[in-house]
Amino acid sequence: MVKTHNSKSIRKVLNISRWAIKFSWLTVCFWIGVTVAGVLAFGSLKYALFPDITFPVVVVNAQAPLTSAVETETKLTQPLEENLKSLTGLDKVRSSTYPGQSAVSLLFAVGTNLETSTSATTNTLKNLKLPDGATYKIIPLNLNESAVISYAVESKSDDLTDLQKVADEQILPAIAQLPGVLKVSLLGIPPELPAPNSTNSTETLTPTGGNLVRFNAKDALAFQVVKTGNANTLEVVSRVEEEVEKLRASLPDVTLTLAATQAEYIRKATQSTIDALMEAIILAIVVIFPFLWNWRATLISALAIPTSLLATFVVMAFFGFNLETITLLALALVIGSVIDDAIIDVENITRHIEEGQTPREAAHSATDEIGLTVIATTATSVAVFLPIGLMGGVVGQFFKPFGITVSAAYIASTLVARTLSPVLSIYWLKPVNKNSQSGKVNHPQNKFLSGISANFINFGFYFTKAYRNLLSWSLNHRTIVIILAVLSFGAGIALTPFIPKGFIPKLDRGEFNITYTAPLPQMPDLAALQQLQNQTAGRISQSQIPIPNPLNDSLEVAKKLEAAVIEYPDVETVFTTVGSRGGEPNKGLLYVKLRKEHSLKTAELQDQLRQTLPQLPGVTTSVEDIQFVDTGGEKPLQVALLGDDIKSLSAAANLIKERISKNSGFADVTITGNTNDADQILQIERLNQQRVVYISSNLGQNLTLGNATDQIVAEAKDILPADITLDLGGDSAKQNEVFGSFISTLILSALCIIVVLILLFKSWVDPLVIGASLPLAIVGAMLALLLTKSDFGMISLIGFVFLLGLANKNAIVLVDYINQLRLAGWERTEAILKAGPVRLRPIMMTTVSTILGMLPIALGLGAGSELRSPMAVAIAGGLVTSTILSLVVVPVVYAILDDWFPRRKFM
């Protein structure tokens, strides 16, 4: 037992454990109250896939009697853009210009109030002078108002007219009145085609709205449910499902079949994360017993997990968070960590009891001894994660729940360890007797476990002895140790180029979309036909003139694509919508759902379909992932070419497309905003008041976003003239934003750690010693990502942030005890050789419990595992190397800095 030079030391004065023990019943009642509050808070939390993020968009649709796209751009689009560019919170301005028509999209910063932005847009345009006859309409868009579920509506009679009447009168009204439902749309109603106008010349047939629906290659109707922006997807879907069951009972002749839903994957992903959370709890608890061989001490430590989680639920409810992938992942990842503080406290109490103290004496001595350590480890962890909760932009909105949830869990675990654990220890732990002849501790355990216990104790004895010998050797060979540490850090950095750069891993969702665009048919040249009719003396009547029907032509394209998709055994259903929601009859979408036990991964089947879909004349197809947030079909890889000459932009875009299409992994490469007509420009795209042409691509399963972005940027540099600049869009731009935000956050977190450690240790030398453990985690994390073929992307990057908060724990535990021993009069080397073996057990316990807590997530099982696994892999790999190396490197660095900067208080 360490006896300090001052009984009234700061450790005793600030030891809240003494107060908790003094008022033990008050302590227990407090945590019972927290438990009840946590249960109630948990009941109020809702399930979701991702945090609620507001993406406010305001669209200004304007029309004017102008004859060309260039004239419309000059007289309509540019004045609108110039007038709107100064709106508060405006992030980007995009526009599409056609002859006589302009659509200006105002993309506001995430979190901006949509009503305020719409009102500001309206007020700004009131005094704008536009060309004579010009009109405009302002349309606010909330991207959270998304379609959450669709049902195919079929009947035995196959009479779509009668079926439409039933849907309009009985089905749609019943669904529309449900809470959280914004609107219900009936799909599959064909439009009425306009009669040909004899004064028209040859022209493209314009869309007139309407669509057709097919389900599993059969004509059908369907209804689609769109939720309100603030409604919870699972709650809305559950209400719709209940109402559909009632409709099925009341409409026996009508078949309502689930065609598409967001809820199924959300349910699977959240359940898989919850399963991983429960497995992590079990593994973290199981690992404690072999170290302590005391079921009472194990139970006290284990209680820290549910108590800390319930306290965290209270904080989550207060901030309005959901139980979604990010927060559930945060809880699963901290399981091994929240038990750490309790392990350190209980292990130290147990050790003091083994040295002959009563449980109450041991609780006082142990908590005095370890109090600063526990507070320091928690303070540094919170210093890492709290800045994440305060990040701005899209990244901040996305990870705010993560940072605050982890911080709350750490603070709760510390309070449990410093109050509840010592109180339970004085009542539950029993004093042990030493064998008078051998001096060994007699553990009160049953005979069956005694043999196993003896083996573990013997192993622990020899392991500790071997570590002490290694530590002694290291202190005598400092240079070699430091060189090895530097080489390990260098190896971690050197591995970086070999790890693919990604953004969000590809998910095996078992569902995806196929979009297509067919060529619009040409209207017949009626003037020429009239002349032919006159020449043939009226033998050709107007009724004999073929009228193009673009929706039917689009339907024929859809049927051919359906036939190719349905041939795959893994495909369960195909839900086809012919005609886009914008009223374009030549566009369509096939929602493909795979069987539950599909043999091919979603990405593998997508790649195969890209090769086997029929190549139809003039038809472009795109096999796309389901988007987390509806961004209008934006592909993951997108680059923008900015310049003034639209023809020069188009030529450069075509050349880049030609080059990257030859590279493996680039799929469905498309160009938007280009012109192939040397004489007439029909469409002009603009980005932030500059003409632009977009190049977009989907990615095959073996091409990561980072590598694809590097390739397309390299190709563009060889091609682009000086008057054209390149800008990244899509996930490529988001990737840069994420990395930029996290780098600045990491720097801020590191500074916070240093400040906290200086304040706690009242020295700048100890924080440097502790900081030496952080680089040692790099090699393990990088090696783990390389071996598991995981991307270095947004998810694994969070793992590195997590490591920053975990890697210094062991160093703090070690350095603080060395200082305590030296304060008690121990010589430096003796103190190091004593502290290392004594702290070896709690360090190994906390590390193993944390790694095993990560194991269910790292194994990558269940829906959404691709999203969880890279983070756990990086953390587990980093903890292995940082623990192994820091047990040797930290004491060596401590000794070196102590030689350079002697500590007077120890002299």
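Caption draft 1: The arrangement of the overall build of the chain in detail. In terms of regular secondary structure, the chain is built from 27 helices and 20 strands. Classification of the 907 residues of the chain by burial places 52% in the buried group. Counted over contacts in the chain with a minimum sequence separation of 6, partners at least 24 positions apart contribute 81%. Total accessible area computed for the chain in this model is approximately 40100 Å², and 58% of it derives from carbon and sulfur atoms.

Caption draft 2: Region of interest: the pairing of strand S2 (residues 90-98). Relative to strand S3 (residues 101-108), S2 runs antiparallel, the two being bridged by eight bridges. In the strand pairing of S3, Thr97 is matched with Ser102. In sequence, S2 turns back onto S3 through a hairpin of two residues, with Gly100 there showing a positive phi of about 80°. Two strands pair when backbone bridges link them, and S2 and strand S18 (residues 684-687) are joined in this way by four bridges, in the antiparallel orientation. What sits directly across from Ser95, in S18, is Arg686.

Caption draft 3: Representation of the nonpolar core within the structure. If you look at the biggest cluster of nonpolar residues, it comprises 184 residues, and the most contacted ones within it are Ile171, Phe223, Leu333, Phe399, Phe402 and Phe802. Of the residues forming this core, the biggest block, 19 residues, is contributed by helix H25 (residues 794-823). Once residues lying within four places of it in the same chain are set aside, the contact partners of Leu333 are Phe402, Phe802, Met854, Ile857, Met871, Ala872 and Ile875. Formed by 25 residues, the second largest nonpolar core is a distinct cluster that contains Ala558, Val571, Val574 and Val619.

Caption draft 4: Structural view of the environment of Glu82. Of note, Glu82 is situated in helix H4 (residues 69-84). It is 7.8 Å that separates the C-alpha atoms of Glu82 and Gln689, two residues lying 607 residues apart in sequence. Here Gln689 takes part through its side chain, which lies 3.0 Å from a polar atom of the side chain of Glu82.

Caption draft 5: Looking closely at the packing of helix H8 (residues 263-286) against helix H12 (residues 325-354). Closest axis-to-axis distance for the H8/H12 pair is 9 Å, and the angle between their directions is 5°. Judged by the angle between their axes, H8 and H12 are roughly parallel. Two secondary-structure elements touch here, H8 through Thr270, Thr273, Ile274, Leu277, Ala280, Ile281 and Ala284 and H12 through Leu328, Leu329, Leu331, Ala332, Ile335 and Ile339.

Caption draft 6: Molecular detail of the side chain of Glu715. Residue position: Glu715 is located in helix H21 (residues 705-719). For Glu715, the residues in contact, after removing those within four places along its chain, are Arg659, Ile660 and Asn663.

Caption draft 7: Examining a nonpolar patch on the surface more closely. Residues Ile743, Ile747, Leu751, Ile754, Ile758, Trp764, Leu768, Trp900 and Phe901 make up a contiguous nonpolar surface patch of roughly 920 Å² in combined accessible area. Of the residues forming the nonpolar patch, the biggest block, five residues, is contributed by helix H22 (residues 730-761). Structurally, the position occupied by Ile747 is in helix H22.

Caption draft 8: Main features of helix H26 (residues 828-858). Of all the bends in H26, the greatest, near 40°, is centred on Leu840, and the proline Pro842 appears no more than four residues after it. The residue sitting at the N-terminus of H26 and contributing the capping side-chain oxygen is Glu827; that oxygen lies 3.2 Å from the backbone nitrogen of Thr829. Gly860 sits one or two positions beyond H26 and adopts a positive phi of about 70°.

Caption draft 9: A look at the pattern of salt bridges. As enumerated under the stated definition, the model contains 29 salt bridges in all. Glu511 serves as the salt-bridge partner of Arg509, at 2.9 Å between the closest nitrogen and oxygen. Here Arg509 matches Glu511 in class, with each residue buried. For Arg828, the salt bridge identified is with Asp899, shortest N-O distance 2.7 Å. Within this pair, whereas Arg828 is found in helix H26, its partner Asp899 is found in helix H27 (residues 865-900), the two being separated by 71 residues in sequence. Using a relative accessible area of 40% as the deciding quantity, one classes Asp899 as partly exposed. The structure contains a network of salt bridges with shared partners spanning Arg478, Arg822, Arg828, Asp898 and Asp899.

Caption draft 10: Representation of the pairing of strand S5 (residues 147-155) in the model. Counting buried positions along S5 yields eight of nine residues, so the element is predominantly enclosed. Note: S5 against strand S8 (residues 218-227), six bridges, orientation antiparallel. Along S8, the bridge assignment pairs Tyr151 with Phe223. In this structure, S5 lies alongside strand S9 (residues 254-261), joined through seven bridges in antiparallel fashion. Counterpart to Ile149 in the pairing with S9 is Thr261.

Caption draft 11: Representation of the packing of helix H10 (residues 295-302) against H12 in the model. The interhelical angle for the contact between H10 and H12, taken along N-to-C directions, is 150°, at an axis separation of 8 Å. Compared by their axis directions, H10 and H12 come out roughly antiparallel. Handedness of the crossing formed by H10 with H12: right-handed. Between H10 and H12, the residues in contact are Ala297, Ile300, Ser301 and Ala302 and Ile339, Ala342, Ile343, Val346 and Thr350, respectively. Split into classes, the residues belonging to the contact of H10 with H12 amount to seven nonpolar, two polar and no charged.

Caption draft 12: The packing of aromatic side chains, seen in detail. Per the counting criterion, the structure on display carries 13 aromatic pairs. When the ring of Phe402 is compared with that of Phe802, the centres are 6.3 Å apart and the planes differ by 70°; the resulting orientation is edge-to-face. Remark: Phe802 occurs in helix H25 and Phe402 occurs in helix H14 (residues 393-428); sequence separation between them is 400 residues. For Phe402, a relative accessible area of 1% corresponds to the buried category. On the accessibility criterion, Phe802 (0% relative accessible area) is buried. Taking 4.8 Å as the distance between ring centres and 70° as the angle between the ring planes, the aromatic pair formed by Trp764 and Phe901 counts as edge-to-face. Here Trp764, found in the loop between H22 and helix H23 (765-771), pairs with Phe901, found in the segment after H27; they are 137 residues apart in sequence, far enough to count as distant. Residue Phe901 is classed as partly exposed on the basis of its relative accessible area, which comes to 36%.

Caption draft 13: Looking closely at the confidence of the model for the chain. The share of residues in the chain with pLDDT of 70 or more is 87%, and the mean pLDDT across the chain is 82. Ranking the helices and strands of the chain by mean pLDDT puts helix H3 (residues 24-44) first, with 93, and strand S11 (residues 441-442) last, with 48. Between residues 1-8, whose pLDDT stays under 50, and residues either more than four places distant or in other chains, the model counts 14 contacts. In the model, residues 436-442 has pLDDT below 50 throughout and makes 12 contacts with residues more than four positions away in sequence or in other chains.

Caption draft 14: Seen up close, the side chain of Thr307. Tracing the backbone shows Thr307 in helix H11 (residues 304-319). Among the polar contacts made by the side chain of Thr307, one reaches the main-chain carbonyl oxygen of Leu303 at a distance of 2.7 Å. Those residues in contact with Thr307, other than ones at most four positions away along the chain, are Trp31, Val416 and Leu420.

Here is what the cut-offs are and how they apply
Residues numbered from 1 in each chain as written. Predicted model: local features only at pLDDT ≥ 70, side-chain atom pairs only at ≥ 80, totals over all residues. Heavy atoms only, no water. Helix = DSSP H or I, 4+ residues; strand = E, 2+ residues; numbered from the N terminus. Buried < 20%, exposed > 50% of the residue type's maximum accessible area, 1.4 Å probe, protein only. Contact = heavy atoms within 4.5 Å. Areas by Shrake-Rupley, 256 points an atom, 1.4 Å probe, with all protein chains shown as cover. Pairing = 2+ DSSP bridges. Core = buried A, V, L, I, M, F, W, Y, C linked by side-chain atoms within 4.5 Å. Polar contact = N/O pair within 3.5 Å; in protein donor to acceptor, adjacent residues only side chain to side chain. Axes fitted to C-alpha atoms, helices over the stretch in contact; angles between N-to-C directions. Parallel < 35°, antiparallel > 145°, perpendicular 65-115°, else oblique. Patch = residues over 30% accessible without salt bridge, like charges linked within 9 Å, V, L, I, M, F, W, Y side chains within 5 Å. Salt bridge = Lys/Arg side-chain N within 4 Å of Asp/Glu carboxyl O. Bend = angle between axes of the 7 residues up to and from the residue. Left-handed = near helix turned anticlockwise from the far one by under 90°. Nonpolar A, V, L, I, M, F, W, Y, C, P; charged D, E, K, R; others polar. Phe/Tyr/Trp six-rings, centres within 6.5 Å; stacked < 30°, edge-to-face > 60°. pLDDT = per-residue confidence, 0-100.

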